[in-house]
Each structure stands twice: as C-alpha cells, then as structure tokens.
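Observations on the model geometry
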Amino acid sequence: MALSVAKCPSSSAAARLAPGHSPPRWSTLLRPFPRSVLSGSVTVPSSKNWSFGVACKQEVGTVPVSSPKEAPSKNGENGGLLGLSSEEYRDAIGPNASEGEPTVSITVVGASGDLAKKKIFPALFALYYEDCLPKHFTIFGYARSKMTDAELRTMVSKTLTCRIDKRENCSEKMEQFLKRCFYHSGQYESEENFADLDKKLKEHEGGRLSNRLFYLSIPPNIFIDVVKSASKSASSKNGWTRVIVEKPFGRDSESSAALTRGLKQYLDEDQIFRIDHYLGKELVENLSILRFSNLVFEPLWSRQYIRNVQLIFSEDFGTEGRGGYFDNYGIIRDIMQNHLLQILALFAMETPVSLDAEDIRNEKVKVLRSMKPLQLENVVTGQYKNHTKGGVAYPGYTDDKTVPKGSLTPTFAAAALFIDNARWDGVPFLMKAGKALESRRTEIRVQFRHVPGNLYKRSFGTDLDRATNELVIRVQPDEAIYLKINNKVPGLGMRLDRSNLNLLYSSRYSKEIPDAYERLLLDAIEGERRLFIRSDELDAAWELFTPLLKELEEKKIAPELYPHGSCGPAGAHYLAANYNVRWGDTVSDA
Ligand SMILES: NC(=O)C1=CN([C@@H]2O[C@H](COP(=O)(O)OP(=O)(O)OC[C@H]3O[C@@H](n4cnc5c(N)ncnc54)[C@H](OP(=O)(O)O)[C@@H]3O)[C@@H](O)[C@H]2O)C=CC1
Ligand SMILES: O=C1O[C@H](COP(=O)(O)O)[C@@H](O)[C@H](O)[C@H]1O
C-alpha cells in the first residue's frame, strides 16, 4: 500500500486541522516545510481553521520568530520583513494583522513571451485548480506589448489545460482563474511604469499584507533593468518580495558573477530564486528519496560498486524558433552546465544533515567544487545537419534563418566528468545532451560493476557487460525507475535472462504528474529554496565549464555533423569506449 498524502488537497477541509492537532508525521517526508517553518515560525491562524502540515500549505500569516540567515531585505523599508522579530513584525503589519489574510501578487514579467504562455500561466492555473494558491492572489502580466486584460485572458486561455485525471469543473475553474489575471503594459527599465503597476497591485491587494513574486520570463540582458525598477517602485511595503530568475544566468563565470552582482544591488540572495526547472521534475525530486530512504541503494552508491553514471538528455526536435537565443549559448550552456550538472550534484552528494534547503545545497556545492577540471579530450561536440527521412526533409541547424551561416555552435555534446573525492574517485560521470536526435528522453543510468567471481559468467557468453546490473531513472517521458537484473529463464535448462524490475509511474499511479513549473512556483510562494540554485552553486558550475567553453571557442573546434533524427555523432561512442563504457540508451534492451 502506498503512503499517500494529497499533494494539494482540493478540499481544504482535508488539509486543515484544528489548532493543536499534530500534522501527519510523514507529510514532512513528502514535502519538507518551508524554511520559515523549520526555523521556528509561528503560523498565525487566519480564521478558525488552521492550514498546517499539509503538502500545499499556504503561508497564511507566517510570522518569522528567528531566522538568523534571513537578513532584512536590501530594499529596506520597502522590502520583506524576513529579518524582523515577531513583535516588530506585528507592529509593522498593524494590530489587526492576525485577522487579515495576506495576499500574493504574482507578476509575470515578459508575459507576452513563449515561456509565459507555454509554462508559467498553465502552471499557475494548475496550482489554482488544485487549491494550492493562497485564497487572496492576483496575477499580473507585464510586458511592452500593448494588450488589454481581456486580450491577455484570451491569450492565456489558449494554453490552459485540465489534468487528464481531473476534468471536473475545469472550465468553471478556468473562468475563475482568468478573472484573477490582469495585464499592465510597460517598459522594462521604467520606474514610472512599475510605479503604475504598483498602484494597480495595491488596488487588488486591498490594504492586506501583500507578498509579491516577480517572475522574470525575459531575456537575461534586461534582468537588471527590471529588478532595479521593480524593487524601487513595485516591491512590497509590508510583506516579502521575491524574484524568480530564468536561465541563462550568464554565459560564463564573469558574466554570471556580473549578473549576480547586479541583482544583489537590489535584492538579497534569499529573495532571488534562480530556477532550474529540471530540479522540479518528479523523478529528479525522487532521486534523493530513492537513495536515502532505501537501504538497498545507499550502501552501493560509491566507486566500490558503481562503474559509471550516465546523464542523458535528448530531444527529437531542433532549435526551431529559438535559434537566435541558442546560437549564443549552445548545448553545453543550455543543458549541461545547469540541468545535467544539477542532477549530477544531487546524485553524488553526501547525505545532507537535514532536508532543509541550505543543508541540501551545502552538499551539492561540495560536489561541484570537487569536480576535476574538464579536459577538451574528454568532450565531443556535434551539430545536426539536414536529413531527409520518409520523404520528409528535416532542416539542419544552420538552415535556420536566425542562425549565422557557418556557425560552430554545438547542438550536441558528450563529456566525461570526474569527481575528485573519496566516494567517486575514478568513476566516470558521462553526460550526453543533444537536439534533433532520434528520440526525446532524459535519463540517469547507473551501471554497476561485475559480480566478482561470477559463478554464472559462462552463461553470459562473451558479453559480460550485459550481465551487470543497471539502474535507470527515466526522468521523461514515461517516467520510470527500473533495475536490470539477471534471472533464470524458467524451465529445466540453465539459461540466464536479463529482466527489469520496473516501477513505471503510469501503471503505479493514476495521478497525473505535475509539471516542474508548478512545483517550483509553489515553492517560491512558500519560500522553499531547496530546488533553486544558490549563488555559490552557480559559481562552481561556471567554474567547471568556463575554461572548456573558452577553449572550444578560441580554438574554433568544429562540431562533428550528425543527421537530424540520428543517434548523434560517433565520437560520443569513442569517448565512452575510452572509459570502457557503452551508452546505456544505445543497447537493444535499453
Ligand atoms: N521558452 C522556453 O522554452 C524557455 C525559456 N527560458 C528562458 O526564459 C526566458 C523567457 O523565455 P521566452 O518566453 O522564450 O522569451 P521571449 O524571447 O519570448 O521573450 C519574452 C518577452 O520578453 C520581451 N523581449 C524579448 N526580447 C526582448 C528584447 N531584446 N528586449 C526587451 N524585451 C524583449 C518580449 O515581450 P515584449 O516585446 O512584449 O516586451 C517577449 O515576449 C528567457 O530568459 C529564456 O532563456 C528558459 C527555459 C525554456
Ligand atoms: O532549459 C531548457 O529546457 C528545454 C527542455 O525542457 P523540457 O522540460 O521540455 O525537457 C530545452 O528544450 C531548452 O533548449 C532549454 O533551454
């Protein structure tokens, strides 16, 4: 029987316990409390009901008691109240504070763009549908494009979807949701335009304690302009102000440090939520649970038993429509330096002291800082070229009009990385990421060592590799965790077979898996930083990749061409073979 807790109880009755009731203990395993709760906050009941200890806990009147790491925010009197004592906090929010429920205003900056339409508004709607948003919330779209509220709603409504398993009242809920979405057109560097937004936000907040979340869904060259104007003119006067920053966080160590310095002129580190949406994916979240809550795995999690680890990302489409952005970054910056490296850090970290964000991030950063410098000979790059299959012509990367002719930007890369610590000494961590490949998949593959003195080695023939165990965590699509084991083919003979112990999520759970952006938006609203990137993690990630990127660019290394829709460059196989490894996704029973 599965332990189950409603992640976002649709009926708040199930979620709310009378004051004095203990929350179910295991709920914390499934969703660690926000830092404010862990550090001893008092939750002020907003009414007779008390939202407490549940997956989708609303931060209703959370009063920080002591949280030494959370200093008052940079924007001083305009900023959050995170560093105040509970008495100061009550004084600041007035005598009736505990009677009013706070509001959350979410401003999607760059609301006219692709990400906002594709991911952010749909995720906000899913949270609303699941009763995960606070009772009082308002969503504002902000961008330069001229749009009315009605036009924004029409635009947004086209991308909202209902969960397959929850269609009940969906269109009604959509209508209610859209009524809470508004639009404000303005320039990104204009304090005046943000001051106008502030006025509108205040009208909606109706004098309540107001918490404000800004989601920067815009190109990075305007991050600082927006943060400057928003923090000066539109940050909360009496609640918290937080900013979600989309990637890319720079192109290299220097530009990333400059971006962080720029942001920190106006924000404290704990107001900055650097998003890496791969950390919000269900199976990536599950990685630590798999390892730290199952005795069978943790003892094997080291060089002693693990031969290699593979982190594989592939997409079966090219850079269509994003060539302009992509050409300036390439696959190493787009996928490896962030998504795959973050997964590696989570995979390889030591047991954290607790599930608190800082404890987890402390362990991740230690892994990143223990990485051996990346050598050019341990890297293969590729770029897709046009290819015709079944009478259909697929364009090459440089056929995209937004990509400069002769571009050397890699759309594929494979690399062998090493962690210079006692646990992982000598174990290759092989990464592979590519666009326009034959399939779309993201996987973590753990290949174990051979069984010493294997009694059955004769039964495996010459291919002993096939006899080793492999643990596969398929992040997407068809989320699954499976372990390849050896077993006897039933019958009187002695033939060995290889089978999968398979946890296929769609068979095990009828519930639809939430999109990563839902989890991350909810965490940002709750102040939970575990799945966001801290600045020292970011620095360490860039420190690892910057010298390699510079070398590739300075030496003008030409990527190996591979046909659109193929398995990628052959060089990736040679690279793996150098370490006696075969990519797990290329074998017939992958
Ligand atoms: N799209 C995706 O799948 C992903 C995107 N990201 C990141 O998220 C952010 C947003 O992505 P996306 O929505 O695709 O980006 P867009 O290019 O669609 O930009 C978003 C909005 O920003 C404004 N804008 C665009 N270019 C400029 C410019 N040069 N100067 C000023 N304003 C500009 C436009 O709004 P207006 O003209 O109305 O002001 C546009 O609608 C980016 O940082 C991107 O790298 C990260 C992961 C995936
Ligand atoms: O960050 C990015 O991620 C997407 C892939 O995300 P997914 O959740 O759809 O797997 C990738 O296409 C894009 O290039 C990159 O910027």
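Residues numbered from 1 in each chain as written. Chains lettered and ligands numbered in written order. Predicted model: local features only at pLDDT ≥ 70, side-chain atom pairs only at ≥ 80, totals over all residues. Heavy atoms only, no water.

The full set close to ligand 1 counts 20 residues, and Ser 112, Leu 115, Ser 145, Tyr 188 and Ile 218 are the nearest of them. Contact distances for ligand 1 include 2.8 Å between an oxygen atom and a backbone N or O atom of Leu 115. One of the side-chain nitrogen or oxygen atoms of Arg 144 is found 2.8 Å away from an oxygen atom of ligand 1. Contact with the protein chains removes 76% of the 870 Å² of surface that ligand 1 exposes when unbound. Each residue belonging to the shell around ligand 1 can be placed in one class, and the counts come to 9 nonpolar, 5 polar and 6 charged. (Near = heavy atom within 4 Å. Polar contact = N/O pair within 3.5 Å; in protein donor to acceptor, adjacent residues only side chain to side chain. Areas by Shrake-Rupley, 256 points an atom, 1.4 Å probe, with all protein chains shown as cover. Nonpolar A, V, L, I, M, F, W, Y, C, P; charged D, E, K, R; others polar.)

Right, let's get into the sheet that holds strand β20 (residues 496-504). Read across the open sheet, the 9 strands follow the order β20-β19-β18-β17-β11-β16-β15-β12-β22; overall the sheet is mixed. Every other strand in the sheet has two partners, leaving β20 and β22 (560-563) as the edge strands with one partner each. Sheet twist, expressed as the average angle between the axes of neighbouring strands with direction ignored, equals 20 degrees. Summarising the sheet, strand β15 (residues 412-417) and strand β16 (residues 429-434) pair through 6 bridges and their orientation is antiparallel. Across the sheet, the residue bridging to Ala 416 is Leu 430, located in β16. (Pairing = 2+ DSSP bridges. Helix = DSSP H or I, 4+ residues; strand = E, 2+ residues; numbered from the N terminus. Axes fitted to C-alpha atoms, helices over the stretch in contact; angles between N-to-C directions.)

With that settled, consider helix α5 (residues 114-129). With 16 residues, α5 ought to run about 22 Å at 1.5 Å a step, and its terminal C-alpha atoms sit 22 Å apart, in line with that. In the structure, α5 departs most strongly from a straight axis at Ile 120, where the bend amounts to approximately 30 degrees and where the proline Pro 122 lies between one and four residues downstream. Backbone geometry just after α5 places Asp 131 at a positive phi near 65 degrees. (Expected span 1.5 Å × (residues − 1). Bend = angle between axes of the 7 residues up to and from the residue.)

Counted by the stated rule, this structure contains 35 salt bridges. Among the ionic pairs, Glu 205 bridges to Arg 212, the shortest N-O distance being 2.8 Å. Relative accessible area serves as the criterion here: at 2%, Arg 212 is assigned to the buried category. One salt-bridge network, held together by shared partners, links Arg 441, Glu 443, Arg 445, Glu 470, Lys 484 and Arg 498. (Salt bridge = Lys/Arg side-chain N within 4 Å of Asp/Glu carboxyl O. Buried < 20%, exposed > 50% of the residue type's maximum accessible area, 1.4 Å probe, protein only.)

Residues in contact with ligand 2, as listed here, are Lys 247, His 277, Tyr 278, Lys 281, Glu 315, Arg 322, Asp 334, His 339, Lys 435 and Gln 476. A distance of 2.6 Å separates an oxygen atom of ligand 2 from a polar side-chain atom of Asp 334. Gln 476 is positioned with one of its side-chain polar atoms (N or O) 2.7 Å from an oxygen atom of ligand 2. For ligand 2, the accessible surface in isolation is 390 Å², of which the surrounding protein chains cover 84%.

Sheet architecture is open: 7 strands sit in the order β7-β6-β5-β8-β9-β10-β21, paired in mixed fashion. For this open sheet the edge positions go to β7 (181-185) and β21 (532-533), each flanked by a neighbour on one side alone. Both strand β6 (residues 136-143) and β7 contribute to a ladder of 5 bridges, which runs parallel. For Tyr 142, the partnering residue across the bridge sits in β7 and is His 184. Most of the contacts of helix α8 (residues 191-205) go to β6, to which it runs at about 160 degrees, and overall it touches β5 (103-109), β6, β7 and β8 (210-216). (Contact = heavy atoms within 4.5 Å.)

Turning next to a nonpolar patch on the surface. Taken together, the side chains of Leu 455, Tyr 456 and Met 494 make up a nonpolar region of the molecular surface, amounting to roughly 370 Å² of accessible area. As for its position among the elements, Met 494 is in the loop between β19 (480-488) and β20. (Patch = residues over 30% accessible without salt bridge, like charges linked within 9 Å, V, L, I, M, F, W, Y side chains within 5 Å.)

Below, the discussion takes up the side chain of Lys 435. Relative to the helices and strands, Lys 435 is located in the loop between β16 and β17 (441-448). Here the side chain of Lys 435 touches Glu 315 through a polar contact of 2.7 Å, side chain to side chain. Apart from residues lying up to four places away in sequence, Lys 435 is in contact with Glu 315, Phe 317, Gly 318, Thr 319, Phe 326, Ile 331, Asp 334, Tyr 384, Thr 411 and Tyr 562.

A cis amide bond, omega 0 degrees, links Lys 247 with the succeeding residue Pro 248. Here Pro 248 lies in the loop between β9 (241-245) and α10 (253-264). The omega angle of the peptide bond from Gln 476 to Pro 477 is -15 degrees, so this bond is cis rather than trans. In this structure, Pro 477 sits in the loop between β18 (470-476) and β19. Positive phi values are uncommon outside glycine, yet Asp 131 reaches one of about 65 degrees. With respect to the secondary-structure elements, Asp 131 resides in the loop between α5 and β6. When its relative accessible area of 28% is taken as the criterion, Asp 131 is described as partly exposed. Within the chain, Asn 580 stands out as a residue other than glycine whose phi angle is a positive 65 degrees.

Bringing helix α13 (residues 330-348) into the picture now. When the terminal C-alpha atoms of α13 are compared, their 26 Å separation across 19 residues agrees well with the 27 Å that a helix rising 1.5 Å per residue should span. A maximum bend of about 40 degrees is found in α13 at Met 336. Judged by how many residues are buried, α13 sits mostly within the fold: 19 of 19 residues are covered.

Right, let's get into the packing of α8 against helix α9 (residues 223-233). The relative placement of two packed helices comes down to the angle between their axes together with the axis-to-axis distance. Interaxial distance between α8 and α9 falls to 8 Å at its minimum, and their mutual angle equals 50 degrees. Comparing the axis directions of α8 and α9 gives the class oblique. Note that α8 runs across α9; the crossing there is right-handed. Touching Glu 191, Phe 194, Ala 195 and Asp 198 of α8 are Val 226, Lys 228, Ser 229, Ala 230, Lys 232 and Ser 233, all from α9. Its residues placed into classes, the contact of α8 with α9 shows 4 nonpolar, 2 polar and 4 charged. (Parallel < 35°, antiparallel > 145°, perpendicular 65-115°, else oblique. Left-handed = near helix turned anticlockwise from the far one by under 90°.)

Our next topic: the pairing of β6. Of all the 8 residues making up β6, 8 are buried; the element is thus mostly covered by neighbouring parts of the structure. In β6, alternate side chains face the same way, and those of His 136, Thr 138, Phe 140 and Tyr 142 on one face and Phe 137, Ile 139, Gly 141 and Ala 143 on the other are all buried. Here β5 runs beside β6; their pairing, made up of 7 bridges, is parallel. When the bridges of β6 are listed, Val 108 appears paired with Gly 141.

Attention now goes to the environment of Asn 362. With respect to the secondary-structure elements, Asn 362 resides in helix α14 (residues 357-369). Relative accessible area serves as the criterion here: at 31%, Asn 362 is assigned to the partly exposed category. Between the C-alpha atoms of Asn 362 and Glu 537, which are 175 residues apart in sequence, the distance is 8.6 Å. Side-chain polar atoms of Asn 362 contact the side chain of Arg 534, separated by 2.8 Å.

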